[in-house]
Amino acid sequence: MSMASLAPISQCHTLLRKPSSKLNLSSSFIPRDLPFSKTQSFELPRMASKSYIVSASTKEMSRKRYPGEAKGFVEEMRFVAMKLHTKEQAKEGEKEVKQPEERSVRQWEPTVDGYLKFLVDSKLVYETLESIVDKAAFPIYAEFKNNGLERFEKLANDLKWFEEQGYGIPGPSSPGVTYAEYLKQVSENDPQAFICHFYNTYFAHSAGGRMIGKKVAEKLLNNKELEFYKWDGDLSQLLQHVRDKLNKVSESWTREEKNHCLNETEKSFKHSGEILRLILS
Ligand code: HEM
C-alpha cells in the first residue's frame, strides 16, 4: 500500500478502480489509428455499457482490428511493447532516448557494482512474480505455474557465485522494492494489469535481456555466462508454451479489459527501465 498512499490522487483512482469499469483509450502508446483511439478516457454508464457491447457485436464484421489482434493477444502486447523501445534498443522502437539505458547497449559503460544492484533487484522482482503465480489469488495465474521461464533460483545461484568470487552483495534498492510492491498490489485487484507485467518481464528478459547479459559479460565478467541467461530446455518452446497460455487466458477478456492490459505496458517499461538503469550506476 505504500505506493498507493504516496501516489497522487489521480493515480490512486487508477489503482483502486475495478479493472473493467472504465475505458481508457486515450493513451499515447496505444497506436493512434486504432478503432476508437480518438476517444478520451471516460466512465461508461451502465446503460451505455450494454449498448456498447451490442453495437460492438453487430458491427463485429466491419470493425477495424487492433494491430496483432488476428494473431492473438500476445501479438497485441508485443506490438505495444516494441513501440516503447527506442530505435537504439530495437529496430521496431519509436520512443526517443531520454534515459541512459535507452541508448544502444554497445555504448553502455556498465560497472560490476551497478550490475550487482541490477541482479539483486531483478531477483526480488522474479521472486515476487513467481510467488504471486504460485499463490494464484486469481485462478488464471495458476496457468503459469512451473512454466520453465522462472528466474528466481537462477539469480540466487548467480549471486552466490559473485559472493564466492569475493564481491559484496548489496541489499535490494528502491527501483526493485518499489516494483515488487506495485506487482503485489496489482496482482490482488487487477489481473489484466498483472498479466501485462508478467508478459513484459519474462519476454523482455528472453530478448533484450539476453543481449544485455552478453554485452555486460564481455565487458565485465570475462565472458562468464550467468545462469540468469540459461534455461532448462528449449527457450523458444518454453516461450511458445507461455504465449499459448497467455492467448488462452485473455480470450475471455472484454475489449476494455484487453485495452486496460495493453495500457499497463508503459508502467512495465518505467519500472523495468529503472532497474536496468542500475547497471549504469
Ligand atoms: C536496454 C533495454 C532493452 C533492449 C536493448 C531491448 C531490446 C529488445 C530487442 C532487440 C527485442 C527483439 C525484437 C525482435 O523480436 O526482433 C526486444 C523484444 C522485446 N522487448 Fe525489449 N529491450 C529492452 C528493454 C525492454 C523493456 C524495459 C521491456 C519491458 C519491460 C521490454 C520488452 C520487450 C518485449 C515484450 C519484447 C518482445 C519479445 C518477444 O516477442 O518474444 N524490452 N527487446
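Source: prediction; values computed, not measured.

### Considering the nonpolar core
Residues Tyr-115, Phe-118, Leu-119, Leu-149, Phe-194 and Leu-246 are the most contacted members of the largest nonpolar core, which totals 56 residues. Of all the secondary structure elements, the ones that give two or more residues to this core are α4 (73–83), α5 (112–135), α6 (152–164), α7 (174–189), α8 (191–220), α9 (235–250), α10 (255–263) and α11 (265–277). Here this core gets eleven residues from one element, more than from any other, and that element is α5. When near neighbours in sequence (up to four residues on either side) are disregarded, Leu-246 contacts Val-74, Met-77, Phe-144, Ile-195, Phe-198, Tyr-199 and Phe-203.

### As for the site of the ligand
The environment of the ligand is made up of 22 residues, and the closest members are Arg-78, His-85, Gln-89, Ala-204 and Phe-269. Here a nitrogen atom of the ligand sits 2.8 Å away from a polar atom, N or O, in the side chain of His-85. Elements with a minimum of two residues in the shell around the ligand: α4, α8 and α11. Per-element tally for the shell around the ligand: the top contributor is α8, with eight residues.

### Focus: the state of the cysteines
Evaluated as defined, the whole model comprises zero disulfides. Of all cysteine sulfurs in the structure, the one in Cys-261 sits closest to Cys-196, which takes part in no disulfide; the separation is 4.8 Å. The class of Cys-196 is buried, set by a relative accessible area of 1%.

### Some remarks on the confidence of the model for the protein
When the pLDDT values of the protein are averaged, the result is 85; 78% of them are 70 or greater. Between residues 1–28, whose pLDDT stays under 50, and residues either more than four places distant or in other chains, the model counts 41 contacts. Between residues 32–56, whose pLDDT stays under 50, and residues either more than four places distant or in other chains, the model counts 29 contacts.

### A few points about the pattern of salt bridges
Here the idea is simple: oppositely charged side chains can pair when their charged atoms come close. One pass over the full model with this rule turns up 14 salt bridges. The salt bridge partner of Lys-215 is Glu-218, with a shortest N-O separation of 3.6 Å. Pair noted here: Lys-215 and Glu-218 are both in helix α8, with a separation of three residues, about one helical turn. A cluster of three or more residues bridged by salt bridges with shared partners is formed by Arg-63, Glu-69, Glu-76 and Arg-255.

### Thoughts on the environment of Ile-132
Inspection of the secondary structure assignment puts Ile-132 in helix α5. Taking the relative accessible area as the measure of exposure, Ile-132 reaches 8% and is therefore buried. Sequence-wise, Ile-132 and Lys-184 are 52 residues apart; in three dimensions their C-alpha atoms are separated by 7.2 Å. Setting aside chain neighbours within four positions, we find Ile-132 in contact with Ala-137, Tyr-141, Leu-183, Lys-184, Ser-187 and Phe-194.

### Considering the coordination of the iron atom of the ligand
For the iron atom of the ligand, the sole protein-derived donor is His-85 (NE2), lying 2.0 Å away. Among the secondary structure elements, His-85 is positioned in the loop between α4 and α5.

### With respect to the packing of α4 against α10
Two elements in contact, α4 and α10, have axes separated by 10 Å at closest approach and are oriented at 35 degrees. Two packed elements cross with a definite hand, and for α4 against α10 that hand is right-handed. Here α4 contributes Phe-73, Glu-76, Met-77 and Val-80 to the contact with α10, which in turn contributes Arg-255, Lys-258, Cys-261 and Leu-262. Partitioned by chemical class, the residues of the contact of α4 with α10 number five nonpolar, no polar and three charged.

Rules used in this analysis
Residues numbered from 1 in each chain as written. Predicted model: local features only at pLDDT ≥ 70, side-chain atom pairs only at ≥ 80, totals over all residues. Heavy atoms only, no water. Core = buried A, V, L, I, M, F, W, Y, C linked by side-chain atoms within 4.5 Å. Buried < 20%, exposed > 50% of the residue type's maximum accessible area, 1.4 Å probe, protein only. Helix = DSSP H or I, 4+ residues; strand = E, 2+ residues; numbered from the N terminus. Contact = heavy atoms within 4.5 Å. Near = heavy atom within 4 Å. Polar contact = N/O pair within 3.5 Å; in protein donor to acceptor, adjacent residues only side chain to side chain. Disulfide = S-S within 2.5 Å. pLDDT = per-residue confidence, 0-100. Salt bridge = Lys/Arg side-chain N within 4 Å of Asp/Glu carboxyl O. Donors = N, O, S within 2.8 Å, 3.2 Å for Na, K, Ca; no water. Axes fitted to C-alpha atoms, helices over the stretch in contact; angles between N-to-C directions. Left-handed = near helix turned anticlockwise from the far one by under 90°. Nonpolar A, V, L, I, M, F, W, Y, C, P; charged D, E, K, R; others polar.

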